[in-house]
Amino acid sequence: MARFSVYLVLLLVSGAALVNGVASDAGYVLVAWGSWQVETSVWLALGTLCISMGLVWLLQRALSSTLHMPAALTRWLGGRFERGAQQYAEKGLVAFFEGRWEVAEKSLRKSLAADQRGLLQSLFAVLATHRHGQRQRALALLDQLEGDSKLPQHLVSIVRAECHIEANEWSLAARSLDALSPAATATPRAQKLRAELAYARGDWLTVIELLPALRAAYLLSEGVLTVWEQAAWAGAMTQDDLSASALWSLWKRAPETQKSLGSGLWSTLIDRLRLQSEWGALTKALQGRFDQYCEPASLAAIAVLPRDHAKKLKKPMKRWVSEDPQSGGYAALAMIAQHDNDPGESEAMWRKACECEPSVEAVQRWAKWCREQGNQDQAAVLEADAIALLQQ
């Protein structure tokens, strides 16, 4: 406030001095040009000069604003166009993830011209077009993208392979995937497509090879991966050209989830080894299995083993009946005793089996053994007991 007062006093003093100077001596200015002459005082000439300079400055600003207006208008219109294109692109992507293929196709293709669309936007437009049922149009768009040397061609090949897989064109999909470089083949998306193709074509070993990578990349749900894993291992185990050593190698490679109690894969292994009459391999497999589990499929396999191989399973069966009398081990020991031509031991084991587990199946198997031994009366009694158990 004090500084303002000082400035105000100085301004008043200066103004008073100027007025006093003008009043005492106004000065004289003469401007002559040809036949023209202008006479005025010094102070009026200075005032006129200042006003003229001000007018020139205002005119220059007005002209500058007028000349720059088209550029500003262009920037405004360009920004408005870009915002509209961005809105269409976002609408198309939202529709794509919602599965509304028609809306996604229209929005993604409408946002920009074909030569101005980004790579990902173009690829999403292709997939939306294909899933909308416009396969030929989608392939034509892919052909256009392949002609653009600026775009990463491995992405175009991956999208082409995905379109072929969706159309069940397995050979064309394989051709597109084979064209990928090793680095592109190792990408999670390409591995998912390879697994889908292998699953569709029954190439179970390839599916098994790719399952760990798919699980690590979270490209498929755990439920789908579980179904694929079960089908792949079962399919691999049932291939016709596998030897006993190859079957055993596959079994050892299988994950623990496929080798749990009651595993269907274990039953498949038993059936394959039995059909090939690979009794040594089957006995070895049963010995390893009985170290962990005692299950019906393993016990039933003892009945088909030759005598020399069945005798090797007597020790693990005795261990199981001592730990769990209801495990079904007594029935297995009865079958082993039958292989050894020891009817007394076999009858004792069948009796214990029915005492520990009085089931219809156990009683029927004992009755069948009695008939094979010629004891028809006891077999009839046991069959009556089995009928009574059924009626309970």
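Rules and cut-offs
- Throughout this document, residue positions are counted from 1 along each chain, in the order its sequence is written.
- Thresholds applied to this predicted model are a pLDDT of at least 70 for local features of residues and 80 or more for the giving and counting of side-chain atom pairs; totals over whole chains, interfaces and linings are not thresholded and use all residues.
- For side-chain calculations, the full set of non-hydrogen atoms in the structure is used, while hydrogens and water are omitted.
- Every helix listed is a DSSP run of H or I at least four residues long, and every strand listed is a run of E at least two residues long, numbered separately from the N terminus.
- Exposed residues in this analysis have more than 50% of their type's maximum accessible area, buried residues have under 20%, and partly exposed residues fall in between, with area computed by a 1.4 Å probe over protein chains only.
- One less than the residue count of a helix, multiplied by 1.5 Å, gives the span that helix is expected to have.
- Any two residues having at least one pair of non-hydrogen atoms within 4.5 Å are treated as being in contact.
- Every axis corresponds to a line fitted to the C-alpha atoms, with the helix fit spanning only the stretch in contact, and the corresponding angles, defined between N-to-C directions, vary from 0 to 180 degrees.
- Should an angle lie under 35 degrees it is considered roughly parallel, over 145 roughly antiparallel, and from 65 to 115 roughly perpendicular; all remaining angles are considered oblique.
- Think of it as three bins: nonpolar holds Ala, Val, Leu, Ile, Met, Phe, Trp, Tyr, Cys and Pro, charged holds Asp, Glu, Lys and Arg, and polar takes everything else, Gly as well.
- For every residue, the predictor reports its confidence as pLDDT, a number between 0 and 100.
- Aromatic contacts are taken between Phe, Tyr and Trp rings whose centres are within 6.5 Å, Trp giving its six-membered ring; a plane angle under 30 degrees counts as stacked, one over 60 as edge-to-face, and the others as tilted.
- For a ring to carry a charge above it, either NZ of a lysine or CZ of an arginine must fall within 6 Å of the ring centroid while also lying within 35 degrees of the normal to the ring plane.
- Cavity: a set of points on a 1 Å grid over the protein atoms alone where a 1.4 Å probe fits but cannot get out. Pocket: an open set with protein on both sides within 12 Å along at least five of seven lines, its lining residues, like those of a cavity, having an atom within 4 Å of a point.
- Grid points are joined across faces, edges and corners, and a volume is the space filled by probe spheres set on the points.
- Note on disulfides: each one is a pair of cysteine sulfur atoms within 2.5 Å.
- Helix crossings get a hand from a simple test, with the near helix turned counterclockwise from the far one by less than a right angle marking a left-handed crossing and a clockwise turn marking a right-handed one.

A look at unusual backbone geometry
The residue Y218 is not glycine, and still its phi comes out positive at about 55°. Relative to the helices and strands, Y218 resides in the loop between α10 (204-217) and α11 (222-237). Taking relative accessible area as the criterion, Y218 reaches 71% and is therefore assigned exposed. Positive phi values are uncommon outside glycine, yet S277 reaches one of about 55°. By relative accessible area, S277 is classed as partly exposed at 43%.

Looking at helix α9 (residues 188-201)
Owing to its 3.6 residues per turn, the α-helix aligns residues three or four sequence positions apart on the same side. Over its 14 residues, α9 runs 20 Å from end to end, which matches the ideal 20 Å to within 8%, given 1.5 Å per residue. What α9 keeps buried is the set A190, Q191, K192, L193, A195, E196, L197 and A198. Taken together, the buried residues of α9 touch α6 (153-166), α7 (170-178), α8 (182-185), α10 and α11. In the stretch just after α9, G202 is the one whose phi turns positive, near 75°.

With respect to the packing of α11 against helix α13 (residues 264-275)
Between α11 and α13, the shortest axis-to-axis distance is 10 Å and the interhelical angle comes to 5°. As summarised for this structure, α11 and α13 are arranged roughly parallel, according to the angle between their axes. When α11 is examined against α13, the residues W233, A234 and M237 are found in contact with a partner set consisting of L265, T268, L269 and R272. Across the contact of α11 with α13, the residue classes break down as five nonpolar, one polar and one charged.

As for the confidence of the model for the protein
Averaged over the protein, the pLDDT score is 79; the fraction of residues at 70 or greater is 80%. Between residues 71-81, whose pLDDT stays under 50, and residues either more than four places distant or in other chains, the model counts two contacts. For residues 112-117, every residue scores under 50 in pLDDT, and the model assigns this stretch seven contacts once sequence neighbours within four places are set aside.

Details of the packing of aromatic side chains
All chains considered together, the criterion is met by three aromatic pairs. Where Y199 meets W204, the ring centres are 5.5 Å apart and the plane angle is 85°; that geometry is what we call edge-to-face. The class of Y199 is partly exposed, set by a relative accessible area of 27%. Aromatic pair Y199 and W228: ring centres 4.9 Å apart, planes at 15°, arrangement stacked. Here Y199 is found in helix α9, whereas its partner W228 is found in helix α11, with 29 residues between them in sequence. On the basis of relative accessibility, which here comes to 11%, the residue W228 falls in the buried class. Taken together, the aromatic side chains of Y199, W204 and W228 make up a single cluster linked through ring pairs. Lying across the ring of W251, K259 places its NZ or CZ 5.6 Å from the centre.

Topic: the layout of surface pockets
Reported here for the largest pocket is a volume of approximately 380 Å³. Residue lining of the largest pocket: 22 residues in total, with L299, G328, E357, E361 and R365 positioned closest to the centre. Elements supplying a minimum of two residues to the lining of the largest pocket: α15 (296-302), α18 (329-339), α19 (343-356) and α20 (360-372). The biggest single contributor to the lining of the largest pocket is α18, with four residues. Looking at side-chain class alone, the lining of the largest pocket contains 13 nonpolar, four polar and five charged residues.

Observations concerning the side chain of Q378
For Q378, the location among the structural elements is in helix α21 (residues 376-391). Apart from the residues lying within four places of it in its own chain, the contact partners of Q378 are E347, R351, W366 and C370.

Details of the state of the cysteines
Taken as a whole, this structure holds zero disulfides when the rule is applied. No disulfide involves C370; its sulfur sits 9.0 Å from that of C354, the nearest cysteine. Look at C370 and you get buried, because its relative accessible area is 1%.

As for the packing of helix α17 (residues 314-323) against α18
Relative orientation and spacing of two packed helices are given, respectively, by the angle between their axes and the distance between those axes. At a minimum axis distance of 9 Å, the contact between α17 and α18 shows a crossing angle of 150°. Between α17 and α18, the interaxial angle falls into the category roughly antiparallel. The two elements α17 and α18 meet at a crossing, and its hand is left-handed. On α18, the residues touching K314, M317, K318 and V321 of α17 are G329, Y330, A332, L333 and I336. Residue classes in the contact of α17 with α18 are distributed as six nonpolar, one polar and two charged.

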